[in-house]
Amino acid sequence: MKNQINSFFGLDALQTTVKREILAGFTTFISMAYILFVNPTVLGASGMDEGAVFTATALASALGCILMGVLAKYPIATAPALGINAFFSYSVCIGMGVPWQTALAGVFVASLIFIVITIFKLRELIIDAIPSDLKYAISGGIGLFIAFLGLSEGGIIVSDDSTLVALGSLSVGTTWLTIFGLVVTAVLMVRRVPGGIFIGMAATTILGLLTGLIQAPTSIVSAAPSMSSTFLVALHHVGDINSLQMWVVVLTFLLVTFFDTAGTLVGLANQAGFMKDNKMPRVGKALASDSTAMLAGSLLGTSPVGAYVESSAGIAVGGRSGLTAVTTGIFFLFGLFFSPLLSVVTSQVTAPALIVVGVLMAQSLKEINWHEMEIAIPSFLILLGMPLTYSISDGIALGFIFYPITMIAAKRGKEVSPIMYILFFVFIGFMWILNV
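Residues numbered from 1 in each chain as written. Predicted model: local features only at pLDDT ≥ 70, side-chain atom pairs only at ≥ 80, totals over all residues. Heavy atoms only, no water.

**What to know about the environment of Ser 46**
Next up, step 1: In this fold, Ser 46 is placed in the loop between helix 3 (35-44) and helix 4 (50-72).
Next up, step 2: Among the residues examined, Ser 46 registers a relative accessible area of 14% and is labelled buried.
Next up, step 3: Taking the C-alpha atoms as reference, Ser 46 lies 4.8 Å from Ser 89; in sequence the two are 43 residues apart.
Next up, step 4: When near neighbours in sequence (up to four residues on either side) are disregarded, Ser 46 contacts Phe 88, Ser 89, Cys 93 and Trp 100. (Helix = DSSP H or I, 4+ residues; strand = E, 2+ residues; numbered from the N terminus. Buried < 20%, exposed > 50% of the residue type's maximum accessible area, 1.4 Å probe, protein only. Contact = heavy atoms within 4.5 Å.)

Quick look at the structure:
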């Protein structure tokens with residue numbers, strides 16, 4: 001069995017082992033397990049049953065991870081994306097007054113369009129057309145974004161009315177728990193201890209339980225909640241997609257998920273060293289995997305599924321093959337029945353891992369031609385835009401809008417591919433849609 005797994009995933013060629021891949025998959029799962037609890041809360045605001053969303057989230061995540069691992073053979077996990085789920089509930093359902101059943105149908109239609117453009121390799125063409133400097137900026141920007149996310153969730157930085165952000169209170173115990181985890185993880189990484197990120201998360205969890213900062217679970221095993229209230233509801237409400245407003249919603253689901261996933265895939269591929277001649281091998285299969293997971297997720301009853309930046313935690317531990325993603329998917333299935341146990345994985349446990357992974361991903365910034373302002377300006381806007389707008393796709397939009405402008409100003413407009421010019425107008429429309 002071990003030899004078959006080794007051969008199928010090409011572990012020897014990738015200089016990795018079954019043990020390392022499983023550890024990486026578990027690390028990725030622990031880093032993103034919060035989505036099992038966050039997604040039901042966010043989508044619950046739209047009126048959806050939180051128990052059904054929990055089960056749908058676990059199943060859609062598991063399917064996407066396993067498809068990504070088996071078909072594309074990448075150590076990249078998928079799950080319902082943060083941000084777009086908030087758009088689903090607060091903008092579409094609450095803001096526009098659209099019933100959640102109709103919004104779910106919108107996700108279903110968007111996923112069908114996704115699959116069509118994936119089959120015709122349009123998504124692949126777009127990703128290949130992105131200049132290498134901007135790809136490095138996307139990777140570094142995601143690093144800053146997830147580090148900012150970790151600092152915020154860990155309480156090290158907090159919102160402030162006067163300065164937008166400020167240093168968090170050092171009188172809060174959970175903040176010190178994050179700091180403890182960050183110190184332990186940093187020391188282990190500097191000492192090059194294998195699995196340092198995972199060990200740091202385990203140490204933080206143990207300290208949290210011992211000090212009472214993390215509540216011990218009251219039980220370990222529980223039955224998976226029923227999906228009867230959300231299963232196939234999207235299919236039954238496709239006819240409700242019959243107005244300009246709803247097609248704008250579908251387009252927004254399409255664009256945000258497209259560029260969130262594309263940016264994440266490029267960033268993670270850079271981190272893992274998969275990019276070759278500015279192209280991502282097997283990117284078509286990776287895109288087909290997440291498109292299929294998004295379609296299945298809409299039918300099960302959840303918001304759009306996409307690649308997760310937390311996969312970088314598993315990659316940092318040493319995950320290099322699809323076995324990492326498959327392992328993560330299997331843990332999502334186990335998560336259906338061990339939901340009480342997952343409650344110990346608090347934001348203070350995952351925050352140090354996200355911060356350290358941010359450091360690792362920021363290393364790609366050295367590859368950008370900073371001395372050429374026509375490259376530096378759009379790259380910097382991508383880099384800074386992601387954490388400050390709290391959105392990968394918004395950061396990409398800022399850089400992609402400025403790239404043709406700066407290249408034309410430098411009299412290098414002919415070097416810009418036609419696809420990048422098209423994306424210039426697409427993103428201007430995209431920004432307009434989001435604001436209007």
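Next, the rest of the story.
**A short note on helix 6 (residues 100-119)**
Next up, step 1: For helix 6, with 20 residues, the first-to-last C-alpha span of 29 Å sits near the 28 Å given by 1.5 Å per residue.
Next up, step 2: Across the 20 residues of helix 6, 14 count as buried, placing the element largely inside the fold.
Next up, step 3: Once helix 6 ends, the next one or two residues include Lys 121, with phi positive near 60 degrees. (Expected span 1.5 Å × (residues − 1).)

**What to know about the packing of aromatic side chains**
Next up, step 1: Going through the model one piece at a time under the given rule, you end up with seven aromatic pairs.
Next up, step 2: Here the aromatic rings of Phe 26 and Phe 331 are separated by 4.8 Å at their centres, their planes lie at 50 degrees, and the arrangement is tilted. Linking Phe 26 in helix 2 (residues 18-32) with Phe 331 in helix 15 (residues 322-335), this pair joins segments that are 305 residues apart in sequence.
Next up, step 3: Aromatic side chains Phe 424 and Phe 425 sit 5.0 Å apart centroid to centroid with 85 degrees between the ring planes, which places their arrangement in the edge-to-face category.
Next up, step 4: Under the relative-accessibility criterion, Phe 425 is labelled exposed at 61%.
Next up, step 5: One aromatic cluster in this structure is built from Phe 26, Phe 29, Phe 331, Phe 332 and Phe 334. (Phe/Tyr/Trp six-rings, centres within 6.5 Å; stacked < 30°, edge-to-face > 60°.)

**Overview of a nonpolar patch on the surface**
Next up, step 1: A cluster of nonpolar side chains, Ile 220, Val 221, Ile 330, Phe 334, Phe 337 and Phe 338, forms an exposed patch at the surface whose accessible area comes to about 540 Å².
Next up, step 2: Here Phe 338 falls in the partly exposed class, since its relative accessible area comes to 30%. (Patch = residues over 30% accessible without salt bridge, like charges linked within 9 Å, V, L, I, M, F, W, Y side chains within 5 Å. Areas by Shrake-Rupley, 256 points an atom, 1.4 Å probe, with all protein chains shown as cover. Salt bridge = Lys/Arg side-chain N within 4 Å of Asp/Glu carboxyl O.)

**Some words on the packing of helix 9 (residues 173-190) against helix 16 (residues 347-362)**
Next up, step 1: For the pair helix 9 and helix 16, the least separation of the axes is 8 Å and the interaxial angle reads 40 degrees. When the interaxial angle is binned, helix 9 and helix 16 end up oblique. The two elements helix 9 and helix 16 cross, and the hand of that crossing is right-handed. Facing Thr 174, Leu 177, Thr 178, Gly 181, Leu 182, Thr 185 and Met 189 of helix 9, the residues of helix 16 in contact are Gln 348, Ala 351, Pro 352, Ile 355, Val 356 and Leu 360.
Next up, step 2: Across the contact of helix 9 with helix 16, the residue classes tally to eight nonpolar, five polar and no charged. (Axes fitted to C-alpha atoms, helices over the stretch in contact; angles between N-to-C directions. Parallel < 35°, antiparallel > 145°, perpendicular 65-115°, else oblique. Left-handed = near helix turned anticlockwise from the far one by under 90°. Nonpolar A, V, L, I, M, F, W, Y, C, P; charged D, E, K, R; others polar.)

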